[in-house]
Protein chains: 2
Amino acid sequence: MADEGAVLDALRDAILAGEFAAGQRLVEVDLCERFGCSRFAVRAAIPVLASEGLVDVQRHRGARVRVIPVSEAIEITEVRRLLEGLTAARAAERVTAAQAAELADIVHEMRAAVEAAELLRYSDSNARLHARIRSIAAHDTATRMIERLRAQLVRHQFTLALIPGRPAVSLAQHERIVAAIVARDPDAAEAAMRDHITSVIESLGSLEQSASNQSARR
Amino acid sequence: MADEGAVLDALRDAILAGEFAAGQRLVEVDLCERFGCSRFAVRAAIPVLASEGLVDVQRHRGARVRVIPVSEAIEITEVRRLLEGLTAARAAERVTAAQAAELADIVHEMRAAVEAAELLRYSDSNARLHARIRSIAAHDTATRMIERLRAQLVRHQFTLALIPGRPAVSLAQHERIVAAIVARDPDAAEAAMRDHITSVIESLGSLEQSASNQSARR
DNA sequence: CCCGATGATTTTGTAGCCAATTTCGTCGTA
DNA sequence: TACGACGAAATTGGCTACAAAATCATCGGG
């Protein structure tokens with residue numbers, strides 16, 4: 001673990017992989033031990049993660065893994081709806097025949113995963129599809145922001161995939177998105193993507209309700 | 001200059017104020033001297049500014065003030081168009097009578113500045129209006145991203161205000177935005193904001209053309 | 001049982017060291 | 001003169017040690 005960038009990536013990955021409990025304190029010496037590096041490297045990485053919104057630092061109180069409340073997850077997804085709508089539209093304008101075939105392949109893979117009820121495989125293909133759409137859109141600014149936003153709510157995405165019947169609904173929405181892109185119809189692609197993410201927001205909203213019910217029951 | 005946060009803010013302000021030439025190297029010891037702090041503080045601040053897109057760091061080559069090409073400024077503004085459209089719509093949903101009066105005041109101020117041909121005052125009121133709309137919208141995520149994007153192109157905004165006739169056009173657009181918000185019409189507010197920022201993008205596009213003409217003439 | 005004080009833990013900030021790498025200048029040669 | 005190789009200086013990367021400030025936890029007293 002020589003350079004600062006490696007520690008940064010390792011720590012970021014660990015947080016995104018959920019290897020720290022929600023709200024857990026990140027004690028510098030512990031992280032040094034874990035990653036086999038000096039405190040210096042850790043202290044260089046933490047401010048960056050803070051600016052990425054993954055950890056929360058308070059003066060003299062150290063860093064904690066930031067817990068994103070559902071209400072904020074909804075805000076984030078509202079922004080993501082706009083940005084991914086933009087990338088979908090641009091992808092529809094720029095897509096080549098080869099890229100269109102690739103998108104169709106990924107959707108095919110998603111359908112197979114749903115039929116086999118393999119949630120993890122579905123979730124993976126899902127992420128790949130969105131990533132491929134972004135790369136076709138070639139809008140660096142939007143891509144950067146989407147990826148940063150996605151990183152902030154990896155935890156929520158896990159819980160979302162477990163909602164019964166959600167993959168089937170999600171699959172149909174993705175098929176619509178890809179159909180519009182392949183048809184080179186930017187407006188339809190943007191609308192389809194927004195509808196898809198709107199339904200994600202609605203699912204998050206139902207999570208918020210059940211969460212508040214639980215806390216009320218305590 | 002005790003804490004790292006102060007150095008970070010000071011350095012960020014200095015960059016945003018244009019106190020460094022475009023692409024200038026940021027030598028650590030120089031910054032220490034300038035801000036009267038240790039190298040440690042500088043070295044903590046630079047990665048954060050890099051993640052904010054204000055500086056560009058390369059291994060063993062140090063940090064440089066990042067120069068944003070016009071093409072990227074256009075991308076950034078395209079994203080900002082979506083985000084500010086969102087805040088305008090939400091502001092229209094949430095605005096109180098007192099806030100509506102405040103917006104009207106700022107527009108009045110803008111009109112006065114245009115009539116007096118005071119570009120700096122106009123630019124300032126302009127920024128205040130957008131900021132006030134964001135605070136009324138109370139969408140933390142969108143606000144954070146807009147402010148980060150704006151920071152990346154402060155330089156371009158200077159040049160934009162100098163286009164002859166632009167303030168008058170801009171003023172009318174802002175009046176339309178505020179009218180829609182005051183009328184509590186989210187769709188109209190979003191449309192008006194998008195139209196406004198679309199015209200900003202068009203102005204940036206004309207800058208790009210003149211820039212490429214200049215380079216072609218060389 | 002509750003509250004405050006004290007000590008330990010943790011973080012923050014500084015100073016300085018050496019290694020690695022880049023960059024710039026100089027010298028030698030074609 | 002022009003060009004390339006070599007070397008020295010400058011700069012960053014990474015580290016350790018240390019002092020200071022703040023927080024946390026434990027313990028004792030009321």
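Bear in mind that the values here come from a model prediction, so they are computed numbers and not experimental data. (Residues numbered from 1 in each chain as written. Chains lettered and ligands numbered in written order. Predicted model: local features only at pLDDT ≥ 70, side-chain atom pairs only at ≥ 80, totals over all residues. Heavy atoms only, no water.)

A few words on the sheet that holds strand 3 (residues 62-65) of chain B. In a beta sheet, neighbouring strands pair by backbone hydrogen bonds and run either parallel or antiparallel. All names here are of chain B. Spatial ordering of the open sheet is given by 1-3-2, a layout of three strands whose pairing is antiparallel. Sheet topology places strand 1 (25-26) and strand 2 (55-58) at the edges, where each strand pairs with a single neighbour. Where strand 2 and strand 3 come together, four bridges link them in antiparallel fashion. When the bridges of strand 3 are listed, Val-55 appears paired with Val-65. (Pairing = 2+ DSSP bridges. Helix = DSSP H or I, 4+ residues; strand = E, 2+ residues; numbered from the N terminus.)

Of the transformation superimposing chain A on chain B, the axial component is 0.1 Å and the angular component is 180°, with the fit at an RMSD of 0.1 Å. Viewed as a symmetry operation, the transformation between the two copies matches a two-fold axis. Scanning chain A for the C-alpha nearest the rotation axis identifies A:Val48, at a separation of 2.6 Å. When the interface residues of chain A are mapped onto chain B, 100% of them again fall at the interface, so both copies present the same face. (Least-squares fit on C-alpha atoms with pLDDT ≥ 70 in both. Contact = heavy atoms within 4.5 Å.)

It is worth spelling out the sheet that holds strand 1 (residues 25-26) of chain A at this point. Overall, antiparallel pairing links the three strands, which are arranged 1-3-2 (chain A) in an open sheet. Two strands lie at the open edges of the sheet, namely strand 1 and strand 2 (55-58) of chain A, each paired on one side alone.

Now for the domain arrangement of chain A. All names here are of chain A. Looking at the assigned domains, one finds that chain A contains domain 1 (4-65) and domain 2 (70-217). For domain 1 versus domain 2, the distance between C-alpha centres works out to 29 Å. Counting residues at the interface gives nine residues for domain 1, matched by five residues for domain 2. Of the roughly 530 Å² buried between domain 1 and domain 2, counting both surfaces, carbon and sulfur atoms make up 50%. Of all residues in domain 1, the largest losses of buried area upon contact with domain 2 belong to Leu-16, Glu-52 and Leu-54, amounting jointly to 57% of the total for that side. In this structure, the connection of domain 1 to domain 2 is made through zero salt bridges. The tally of links between domain 1 and domain 2 comes to one residue pair in polar contact (both at pLDDT 80 or more). Grouping the amino acids of the side of domain 1 that touches domain 2 by side-chain chemistry returns five nonpolar, three polar and one charged. (Domains from an automatic or database assignment. Buried area = accessible area lost by both parts, 1.4 Å probe. Salt bridge = Lys/Arg side-chain N within 4 Å of Asp/Glu carboxyl O. Polar contact = N/O pair within 3.5 Å; in protein donor to acceptor, adjacent residues only side chain to side chain. Nonpolar A, V, L, I, M, F, W, Y, C, P; charged D, E, K, R; others polar.)

What follows is about the pattern of salt bridges. All told, the structure shown has 37 salt bridges over all chains when counted by the stated rule. Between A:Glu72 and B:Arg144 there is a salt bridge, with its nearest N and O atoms 3.4 Å apart. With A:Glu72 in helix 4 (residues 70-94) and B:Arg144 in helix 7 (residues 140-152), this residue pair bridges two chains. B:Arg144 gets classed as partly exposed once you look at its relative accessible area, which sits at 44%. With a closest N to O distance of 2.6 Å, B:Glu84 and B:Arg80 form a salt bridge. Separated by four residues within a single helix, B:Glu84 and B:Arg80 lie in helix 4 (residues 70-94), roughly one turn from each other. A single burial state applies to B:Glu84 and to B:Arg80, both of which are buried. One salt-bridge network, held together by shared partners, links A:Asp9, A:Arg12 and A:Glu52. (Buried < 20%, exposed > 50% of the residue type's maximum accessible area, 1.4 Å probe, protein only.)

Core analysis: the biggest nonpolar cluster contains 36 residues, and A:Val79, A:Leu83, B:Val79 and B:Leu83 have the highest contact counts within it. Among the secondary structure elements, those contributing two or more residues to this core are helix 4, helix 7 (140-152) and helix 10 (186-217) of chain A together with helix 4, helix 7 and helix 10 (186-217) of chain B. Once you skip the residues sitting within four places of it in the chain, B:Leu83 turns out to touch A:Val79, A:Leu82, B:Met145, B:Ile146 and B:Leu149. (Core = buried A, V, L, I, M, F, W, Y, C linked by side-chain atoms within 4.5 Å.)

Turning our eyes to something else, we now look at the interface of chain A and chain B. Counting residues at the interface gives 28 residues for chain A and 28 residues for chain B. Buried area between chain A and chain B, both sides added, is near 2,300 Å², and the carbon and sulfur share of it is 58%. The largest per-residue losses of area from chain A upon contact with chain B belong to A:Glu75, A:Leu82 and A:Met145, which jointly make up 22% of the total buried on that side. Here chain A and chain B share four salt bridges between them. Counting across the chain A and chain B interface gives 13 residue pairs in polar contact (both at pLDDT 80 or more). Those elements giving two or more residues to the side of chain A that touches chain B turn out to be helix 3 (39-51), helix 4 and helix 7 of chain A. Considering every element that reaches the side of chain A that touches chain B, the biggest residue donor is helix 4 of chain A, with nine residues. Within the side of chain A that touches chain B, the residues separate by chemical class into twelve nonpolar, three polar and 13 charged.

Turning our attention to the packing of aromatic side chains. Under the counting rule described, the total for this entry stands at one aromatic pair over all chains. Centroid distance A:Phe40 to B:Phe40: 6.1 Å. Interplanar angle 85°. Geometry classified as edge-to-face. With one member in each of two chains, A:Phe40 in helix 3 and B:Phe40 in helix 3 (residues 39-51) form a pair that bridges those chains. (Phe/Tyr/Trp six-rings, centres within 6.5 Å; stacked < 30°, edge-to-face > 60°.)

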